[in-house]
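Chain residues, written in single-letter form:
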Amino acid sequence: MFAQREYRAVLTATTLSWIGDYIAKAAVTVLVYRETESVALSAAAFAVSYLPWLVGGPLLSTVADRCRYRSVMVNSDLFRMALVALVAVPHLPVWAILGLLFATTLANPPSQAARSALMPVILTGDKLVVGLSVNSSVGQAAQVTGYLVGAAIATASPTVALLVNAASFGASALIVRLGVRDHPRVATGDPRASLLRETGDGFRIVFGTPVLRSIAVLVFSSMLFSIVPEGLAGAWAGERSGGGVDAAATQAVIMAAAPVGFILGGLIIGRAVRPARRVALIRPFAVLAPLVLVPALLDPPPGVVALLVAVCGFSVAGLLPVANGLFVRALPDGYRARAFGVMATGMQVIQGSAVIVTGLLAERFSIPRVVGLWSAAGVLLMLVVVARWPSTAAFDAAIAAAKAPGPRPGSAAPAGGGTPAETTGRAAAPVAEGTRDEGPMPGRRAAAGGTATL
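Residues numbered from 1 in each chain as written. Predicted model: local features only at pLDDT ≥ 70, side-chain atom pairs only at ≥ 80, totals over all residues. Heavy atoms only, no water.

**A word on the overall build of the protein chain**
Secondary structure assignment for the protein chain yields 20 helices and 0 strands. Burial statistics for the protein chain: of 454 residues in total, 61% are counted as buried. For the protein chain, contacts bridging at least 24 residues in sequence account for 85% of all contacts bridging at least 6. Looking at the protein chain as shown, the accessible area adds up to about 16,200 Å², and 66% of this sits on carbon and sulfur atoms. (Helix = DSSP H or I, 4+ residues; strand = E, 2+ residues; numbered from the N terminus. Buried < 20%, exposed > 50% of the residue type's maximum accessible area, 1.4 Å probe, protein only. Contact = heavy atoms within 4.5 Å. Areas by Shrake-Rupley, 256 points an atom, 1.4 Å probe, with all protein chains shown as cover.)

Structure (structure tokens):
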């Protein structure tokens, strides 16, 4: 797989931009909290990268199905490089920082969708499966690295952290331009429709059948609580440590715990658990993920908080990769980018909204109390969701329906239990061995500003 020059270029470029993103995210939350001493504004700085998906995620992602993938990726990186460099200008008011960050992340949907669509073009057969697995592991490792480095740099200079992020986008654009061939887009076989209509096709693909709706609900529900400790980590650390080196270390430990847990979960669940068992573990992991965060109510020390967050990340790792592979098996060629846009948008919006709402609540109540009660509500929600989870036969029928010739996805529900067709991405869905492919969902945290593999 690594003998593929184009794959090496895509992986290297993506890893650089991931690390830069996380460095900047850790730095910006610290910067805003120092300037305002507001938990809500600090949370908003973390969450703003999710919001562009709400206003243009599906539409902008569909662009990647209409243009050459390399051009979309390069132009997106250059756009982000320029705007992040502006964020680094000293003494900007908080509203300008949030506005520039919002504009910067408008380039995330087309860039991530283009990368998702490009992967099956440059890697085929088993190489694709291995490549996507590598992407997932590297993405989580980049998140850990970015958070640790970002929290450390932010203590000295948030401006430097932002300039590092801008440089990472520039390097990513150069590597993709020189290392990836100018592949044409994959044709669907259907006549080209308007951008809005093709965007609508993405919603029909995801929400047009009971199986897809079930997966989407499970994915979105898991995103509601798993991102909250990361989003509040800067303020949480500041309140406990009073600023300085201790605060930076506390923030880094809390923010890095979830991806560390996700990496361990991916390795253990993906390698040591049989496929049938992984399917059976979907429901328990769905409930366990919010359940382990409930003890935050007791205001434990940072080390215990990090352990709870890591177990949550481990549980999420038992959900997302499995569903991602199922999604790829059930998704017809040529619709990957637009389906990615819908699911990634949902994940981004829900994660961003969760951080903003909990940040506002933390203005009136203590952060441990907010996290604990929010997670308790998540347990109740997940119990309802898993109670309505489709059967294995329904998923089998959906995969078969996607491979069979017939109407466009989402236009009608295939036979076989009324639960056709596809699964959307990185969240919980049963999948067979060797199917952990890349799907229309940007990783554990569609949120994290664009990480995770697609």
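Next comes the rest of the account.
**Thoughts on empty space enclosed by the protein**
The full count for this structure, using the stated rule, is 7 cavities of 30 Å³ or more. Counted as a void, the second largest cavity has a volume near 110 Å³. Counting residues per element, the lining of the second largest cavity draws most heavily on helix 1 (residues 5–36), which supplies 5 residues. Residue composition of the lining of the second largest cavity, by class: 4 nonpolar, 7 polar and 4 charged. (1 Å grid on protein atoms, 1.4 Å probe; cavity = no way out; pocket = protein on both sides within 12 Å on 5 of 7 lines; lining within 4 Å. Points joined across faces, edges and corners; volume = space filled by probe spheres on them. Nonpolar A, V, L, I, M, F, W, Y, C, P; charged D, E, K, R; others polar.)

**Focus on the environment of Pro275**
Looking at the secondary structure, you find Pro275 in helix 14 (residues 275–280). Once the C-alpha coordinates of Pro275 and Val322 are considered, the two residues, 47 residues apart in sequence, prove to be 9.2 Å apart.

**Overview of helix 5 (residues 94–104)**
Buried within helix 5 are the following residues: Val94, Ala96, Ile97, Leu98, Leu100, Leu101 and Thr104. In this fold, the buried residues of helix 5 make contact with helix 1, helix 2 (39–47), helix 4 (69–87) and helix 6 (108–122).

**Remarks on the nonpolar core**
With 68 residues, the main nonpolar core has Val39, Leu218, Leu232, Trp236, Ile367 and Val371 as its most contacted residues. What Leu232 contacts, discounting residues up to four positions off in sequence, is Val39, Ala43, Val355, Thr358, Gly359, Ile367 and Val371. Within the second largest apolar cluster, 21 residues are counted, among which are Ala9, Ala13, Ile122 and Leu123. (Core = buried A, V, L, I, M, F, W, Y, C linked by side-chain atoms within 4.5 Å.)

**Comments concerning the environment of Asp299**
Tracing the chain through its elements places Asp299 in the loop between helix 15 (282–291) and helix 16 (302–317). Asp299 gets classed as partly exposed once you look at its relative accessible area, which sits at 41%. Along the primary structure Asp299 and Ser366 are separated by 67 residues, whereas in three dimensions their C-alpha atoms are 9.1 Å apart.

**Structural notes on the packing of aromatic side chains**
This structure, assessed with the given rule, holds 2 aromatic pairs. Centroid distance Phe285 to Phe314: 6.2 Å. Interplanar angle 65°. Geometry classified as edge-to-face. With a gap of 29 residues between them, Phe285 in helix 15 and Phe314 in helix 16 connect regions that are remote in the sequence. On the basis of relative accessibility, which here comes to 9%, the residue Phe285 falls in the buried class. For Phe314, a relative accessible area of 22% translates into the label partly exposed. (Phe/Tyr/Trp six-rings, centres within 6.5 Å; stacked < 30°, edge-to-face > 60°.)

**Some words on helix 4**
Structurally, the α-helix is built with 3.6 residues per turn, so residues lying three or four positions apart point the same way. The terminal C-alpha atoms of helix 4, which comprises 19 residues, lie 27 Å apart, in line with the 27 Å expected from a rise of 1.5 Å per residue. Within the span of helix 4, buried status applies to Tyr69, Arg70, Val72, Met73, Val74, Ser76, Asp77, Arg80, Leu83, Val84 and Val87. Elements in contact with the buried residues of helix 4: helix 5, helix 6 and helix 8 (158–179). (Expected span 1.5 Å × (residues − 1).)

**Some remarks on the side chain of His183**
Residue placement: His183 occurs in the loop between helix 8 and helix 9 (195–207). What makes His183 buried here is its relative accessible area of 9%. Within the structure, the side chain of His183 is placed 2.7 Å from the side chain of Glu6, a separation counted as a polar contact. Each residue touching His183, except ones within four places of it in the same chain, is listed here: Glu6, Arg68, Tyr69, Leu118, Val121 and Ile122. (Polar contact = N/O pair within 3.5 Å; in protein donor to acceptor, adjacent residues only side chain to side chain.)

**Overview of the pattern of salt bridges**
Under the counting rule described, the total for this entry stands at 3 salt bridges. Notably, a salt bridge pairs Arg80 with Asp77, separated by 2.6 Å at the nearest N-O pair. Taken together, the residues span about one helical turn, with Arg80 and Asp77 both in helix 4 at a distance of 3 residues. The two residues Arg80 and Asp77 agree in class, both being buried. (Salt bridge = Lys/Arg side-chain N within 4 Å of Asp/Glu carboxyl O.)

**With respect to a nonpolar patch on the surface**
A contiguous nonpolar patch, built from Val260, Leu264, Leu267 and Ile268 and spanning about 330 Å² of accessible area, is present on the exposed surface. Among the secondary structure elements, Leu267 is positioned in helix 13 (residues 244–272). Of the residues examined, Leu267 reaches a relative accessible area of 47% and is grouped as partly exposed. (Patch = residues over 30% accessible without salt bridge, like charges linked within 9 Å, V, L, I, M, F, W, Y side chains within 5 Å.)

**Comments concerning the packing of helix 4 against helix 5**
As a packed pair, helix 4 and helix 5 sit with axes 9 Å apart at the nearest point and diverge in direction by 170°. It follows that helix 4 is roughly antiparallel to helix 5 by the angle criterion. Across the interface between the two elements, Phe79, Arg80, Leu83, Val84, Leu86 and Val87 of helix 4 pack against Ile97, Leu100, Leu101, Ala103 and Thr104 of helix 5. A per-class count over the contact of helix 4 with helix 5 returns 9 nonpolar, 1 polar and 1 charged. (Axes fitted to C-alpha atoms, helices over the stretch in contact; angles between N-to-C directions. Parallel < 35°, antiparallel > 145°, perpendicular 65-115°, else oblique.)

**A word on unusual backbone geometry**
Even without a glycine there, the phi angle at His91 is positive, about 65°. When you line up the elements, His91 lands in the loop between helix 4 and helix 5. Among the residues examined, His91 registers a relative accessible area of 82% and is labelled exposed. The backbone of Asp299 shows a phi angle near 55°, a positive value even though the residue is not glycine.

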